[in-house]
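What follows is the residue order along each chain.
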Amino acid sequence: MVRRLSLFGATGSVGRSTLDLVRCDGEAWRVTVLTANSDVAELAKLAREFRPGIAVIADPARYGALRDALAGTGIEAAAGAEALVEAAQRPTDLVMAAIVGTAGLAPTMAALAAGHDVALANKEALVSAGELMTAAARASGATILPVDSEHNAIFQCLAGGRIDEVRRIVLTASGGPFRTMAAEAMAAVTPAQAVAHPNWSMGAKISVDSATMMNKGLELIEAHHLFPVGLDRIEILVHPQSVIHSMVEFVDCSTLAQLGSPDMRIPIASALAWPQRMATPCAPLDLASIGRLDFEAPDEARFPATALCRAAIAEGGARPAQLNAANEVAVAAFLSGRIAFPAIVDTVRRVIDAEAPAVPASLQDIFSVDAASRAAAQIFVDQLVHA
Ligand code: NAD
Ligand code: MG
């Protein structure tokens, strides 16, 4: 049976891995939507290969270029934020949400509201609007299939017991490229060092988040929304080899873990094929050659981001949205060489300390908090740059 797939963020790391899997079993899939932020040439190339009904470029200034690039193909070209939302509502069997940042929130919400199952990589959307997203899924009957490797692992482990039988969720973390670095040395790290993750090849933003461990904090919030066992039952464990992707301990003290090579195509395949399995070209796990698995407690003195995230989700309301938006601005400032590495988490903390956002009642409220937090973070970044 052919399944329809709408892919948001087709040109990114998760998007490309998704299309790799579709290529492996082209007969099984019909791609209906492809989107990208600004890379018209790459989007048009993918569209010519996968023949979606529509290709959407988020940057409205590039509409003409996309239309010209797709001329004669019969593929509809569209541009802008509203076109992304409209494309997310089109009939499909699965939406892959692989846009980075809260730019992915509106289309992901639209897909859930339309009742589409969503394979969710776009963790920032869930961090910002977790209550609204899970409520939209409940209301429409849509399923959220976690793609983030840890959450996909937990989702798989939960096949072994009920959520009310969970004693503890153990979210594993590689510790990132600076796991063993002294705090003083972090002031000098470069964007190139920060994006060079020891185990995973990923987009720039999530790579920096892994280096600050903000990624694990965002994932804690993500886990809290996807698997409501109570915050105090979700623990972080550093596991440098990234072989165990997370674990679930049940009330009987039996612990289930999901293991695999650090290749995102494995959790992506699990979400694509769910509730079945699909073959992948990924390297099978070779534990004898890996030899050993190590574990250590996270060091929140050197990596304070996880504690900030835990406090933000414990407080709830719009705090996580505020934190996430400030982090997006700070990461972009670090990547463009404007601020030092430790200033990323400092900026997030300053934004949180400066203002307590009102509890959001709607998606519009989340967008307002997101915008205010970005503006506040930008001011702190500019102060650092001009200091
Ligand atoms: P990436 O930067 O490689 O790709 C991002 C995609 O989003 C691109 O297609 C880009 O064109 C699009 N995009 C960027 N800004 C946009 C905007 N303003 N509007 C519309 N589209 C925009 O990112 P990635 O590493 O593939 O990550 C995607 C998401 O998946 C992130 O939320 C990330 O946290 C999550 N994730 C990624 C990995 C990984 O291995 N890469 C693992 C787990 C979770
Ligand atoms: Mg992850």
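Residues numbered from 1 in each chain as written. Chains lettered and ligands numbered in written order. Predicted model: local features only at pLDDT ≥ 70, side-chain atom pairs only at ≥ 80, totals over all residues.

With that out of the way, let us pick up helix 10 (residues 214-226). With 13 residues, helix 10 extends 18 Å between its outermost C-alpha atoms, agreeing within 8% with the 18 Å of an ideal straight helix rising 1.5 Å per residue. When you tally the buried positions in helix 10, you get twelve out of 13 residues, the bulk of the element. Listing the buried residues of helix 10 in full gives Met-214, Asn-215, Lys-216, Gly-217, Leu-218, Glu-219, Leu-220, Ile-221, Glu-222, Ala-223, His-224 and Leu-226. (Helix = DSSP H or I, 4+ residues; strand = E, 2+ residues; numbered from the N terminus. Expected span 1.5 Å × (residues − 1). Buried ≥ 20, exposed ≤ 12 C-beta atoms within 10 Å, placed from the backbone.)

A few words on the pairing of strand 5 (residues 94-97). Going residue by residue along strand 5, you find Leu-94 and Met-96 tucked away on one face and Val-95 and Ala-97 tucked away on the opposite face as well. Pairing of strand 1 (residues 3-8) with strand 5 involves four bridges; the strand directions are parallel. The residue of strand 5 that forms the bridge with Phe-8 is Ala-97. Here strand 5 runs beside strand 6 (residues 118-120); their pairing, made up of three bridges, is parallel. Directly across from Ala-97, in strand 6, lies its bridge partner Leu-120. A crossover links strand 5 with its parallel partner strand 6, the connecting element being helix 5 (residues 105-113), and its sense is right-handed. (Pairing = 2+ DSSP bridges. Right-handed = clockwise from strand over helix to strand, strands pointing away.)

What follows deals with the nonpolar core. Counting 118 residues, the largest nonpolar core has Leu-34, Leu-43, Ala-97, Ala-119 and Ala-330 as its most contacted members. It is helix 14 (residues 319-335) that provides the largest number of residues to this core, a total of ten residues. With residues up to four places along the chain from it excluded, the contact list for Ala-330 reads Ile-339, Ala-343, Ile-344, Thr-347, Val-348, Ala-377 and Val-381. (Core = buried A, V, L, I, M, F, W, Y, C linked by C-beta atoms within 7 Å. Contact = placed C-beta atoms within 7 Å.)

Two elements in contact, helix 5 and helix 6 (residues 123-140), have axes whose closest approach is 8 Å; the angle formed by their N-to-C orientations is 15°. What the angle tells us is that helix 5 and helix 6 run roughly parallel. Between helix 5 and helix 6 lies a crossing whose hand is right-handed. Touching Leu-105, Thr-108, Met-109, Leu-112 and Ala-113 of helix 5 are Ala-125, Ser-128, Ala-129, Leu-132, Met-133, Ala-136, Ala-137 and Ser-140, all from helix 6. Taken together, the residues of the contact of helix 5 with helix 6 break down into ten nonpolar, three polar and no charged. (Axes fitted to C-alpha atoms, helices over the stretch in contact; angles between N-to-C directions. Parallel < 35°, antiparallel > 145°, perpendicular 65-115°, else oblique. Left-handed = near helix turned anticlockwise from the far one by under 90°. Nonpolar A, V, L, I, M, F, W, Y, C, P; charged D, E, K, R; others polar.)

A few words on the UniProt feature "binding site: 1-deoxy-D-xylulose 5-phosphate" (unreviewed entry) in the protein. Following the UniProt record, one finds the feature "binding site: 1-deoxy-D-xylulose 5-phosphate" (unreviewed entry) at Lys-123, Ser-149, Glu-150, Ser-174, His-197, Ser-210, Asn-215, Lys-216 and Glu-219. Mapping Ser-149 onto the fold places it in helix 7 (residues 149-157). By the C-beta count within 10 Å, which is 24 here, Ser-149 ends up buried. Those residues within four positions of Ser-149 in sequence are excluded, and the remaining contacts are His-245, Met-264 and Pro-267. Tracing the backbone shows His-197 in the loop between helix 8 (191-195) and helix 9 (204-212). (UniProt positions renumbered as here; feature names shortened; annotations may be inferred.)

On to the pairing of strand 2 (residues 29-36), then. Within a regular beta strand, the side chains point alternately toward one face of the sheet and then the other, so they alternate between its two faces. With seven of its eight residues buried, strand 2 lies for the most part within the structure. In terms of strand pairing, strand 1 meets strand 2 through five bridges, oriented parallel. Bridge pairing in strand 2 links Ser-6 to Val-33. Chirality of the crossover, the property in question, places the unit of strand 1, helix 1 (residues 13-24) and strand 2 among those that are right-handed. The pairing of strand 2 with strand 3 (residues 54-57) spans four bridges and is parallel. Within strand 3, the position partnered with Thr-35 by the bridge is Val-56. Between the parallel elements strand 2 and strand 3, the chain passes through helix 2 (residues 40-50) in a crossover that is right-handed.

A few words on the domain arrangement of the protein. One can read the domain layout of the protein as domain 1 (3-146), domain 2 (149-261 + 286-302) and domain 3 (316-387). A C-alpha centroid distance of 24 Å is found between domain 2 and domain 3. If you look at the interface, domain 2 gives 13 residues, while domain 3 gives twelve residues. Of all elements in the fold, only helix 8, helix 9 and helix 10 reach the threshold of two or more residues within the side of domain 2 that touches domain 3. Sorting elements by how many residues they give to the side of domain 2 that touches domain 3 places helix 9 first, with five residues. Tallied by class, the residues present in the side of domain 2 that touches domain 3 amount to ten nonpolar, one polar and two charged. (Domains from an automatic or database assignment.)

Spatially, seven strands are ordered 4-3-2-1-5-6-7 in an open sheet, and the strand pairing comes out parallel. Each edge of the open sheet carries a strand with a single partner, namely strand 4 (76-79) and strand 7 (144-146). Between one strand and the next, the sheet's axes are offset by a mean angle of 20°, whatever the strand orientation.

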